[in-house]
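# Commentary on secondary and tertiary structure
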Amino acid sequence: MFKKRTDIKKVSKKFTNFEKEKKWLGEMLAEGWILKEYGSEDVEECQYIFRLASEEEKQNGVYKIDYRLFMKKRDLEDYQSLFEEAEWQPLAKDTSYMKHIFYTNSSEADRDIFSDKESYQGREKRRMKASLL
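Residues numbered from 1 in each chain as written. Predicted model: local features only at pLDDT ≥ 70, side-chain atom pairs only at ≥ 80, totals over all residues. Heavy atoms only, no water.

### Section: the packing of aromatic side chains
- Evaluated as defined, the whole model comprises 12 aromatic pairs.
- When the centroid spacing of 5.5 Å and the interplanar angle of 45° are considered together, the rings of F15 and W24 count as tilted.
- By relative accessible area, F15 is classed as buried at 9%.
- Judged by relative accessible area, W24 falls into the buried class, the value being 12%.
- Ring geometry for F15 and Y48: centres 6.3 Å apart, planes at 85°, overall edge-to-face. In this pair, F15 sits in the loop between strand 1 (8–13) and helix 1 (18–30) while Y48 sits in strand 3 (residues 46–52), placing the two residues 33 residues apart along the sequence. (Phe/Tyr/Trp six-rings, centres within 6.5 Å; stacked < 30°, edge-to-face > 60°. Buried < 20%, exposed > 50% of the residue type's maximum accessible area, 1.4 Å probe, protein only. Helix = DSSP H or I, 4+ residues; strand = E, 2+ residues; numbered from the N terminus.)

### Some words on the side chain of T104
- Along the chain, T104 turns up in strand 6 (residues 99–104).
- Side-chain polar atoms of T104 contact the backbone nitrogen of S106, separated by 3.1 Å. (Polar contact = N/O pair within 3.5 Å; in protein donor to acceptor, adjacent residues only side chain to side chain.)

### Some remarks on the confidence of the model for the chain
- Confidence along the chain averages 82 in pLDDT terms, with 74% of residues attaining 70 or more.
- Ranking the elements of the chain by mean pLDDT puts helix 4 (residues 117–132) last, at 57, and strand 2 (residues 33–38) first, at 96. (pLDDT = per-residue confidence, 0-100.)

### Here's the deal with the pairing of strand 6
- Most of strand 6 is tucked away, with six of its six residues classed as buried.
- Burial along strand 6 is two-sided: K99, I101 and Y103 facing one way and H100, F102 and T104 facing the other are all buried.
- Bridge count between strand 4 (residues 62–67) and strand 6: six bridges; the pairing is antiparallel. Looking at the pairing, Y63 lines up with Y103 of strand 6.
- With two bridges joining them, strand 5 (residues 89–90) and strand 6 adopt antiparallel strand pairing. Residue pairing for strand 6: Q89 is matched across the bridge by Y103. (Pairing = 2+ DSSP bridges.)

### So, helix 3 (residues 73–85)
- Here helix 3 spans 18 Å end to end across 13 residues, near enough to the 18 Å set by a 1.5 Å rise per residue.
- Buried within helix 3 are the following residues: L76, Y79, Q80 and F83. Axial view of helix 3: buried residues confined to an arc of 95°, hence all on one face. Looking at helix 3, the residues exposed on the side facing more than 90 degrees away from the buried face are R74, L82 and E85.
- Those residues of helix 3 that are buried are in contact with strand 4, strand 5 and strand 6.
- With its phi angle positive at about 70°, E87 sits one or two positions after the end of helix 3. (Expected span 1.5 Å × (residues − 1). Arc of directions from axis to C-beta. Contact = heavy atoms within 4.5 Å.)

Set out below in structure tokens:
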């Protein structure tokens, strides 16, 4: 007899707004589920895979989302390294991902991934341009 896994949760969902997606991820974390990985999302729903979060992971946990395309694996690795140095965990797997979700529970991490208003606006422009295509 097989035991049903209760330490993993899969959810398929579509978001058109990063703020709503971040809020939902935060709500999932508050319920005890930390994002482990997610599928590459273009037009269809995105599949999110969660695992049970430890108390430490739930405390002060924050998600941030960026949107950009990387043509070369090295460019993605450099980009992710910058975030890792700032104590953010990147969750995108490869260059096919345009949406990049980051997680931290470090009180030392800067709580915003955008250094200025122009960076934030750049993300929104990239997202709008991709959705028009």
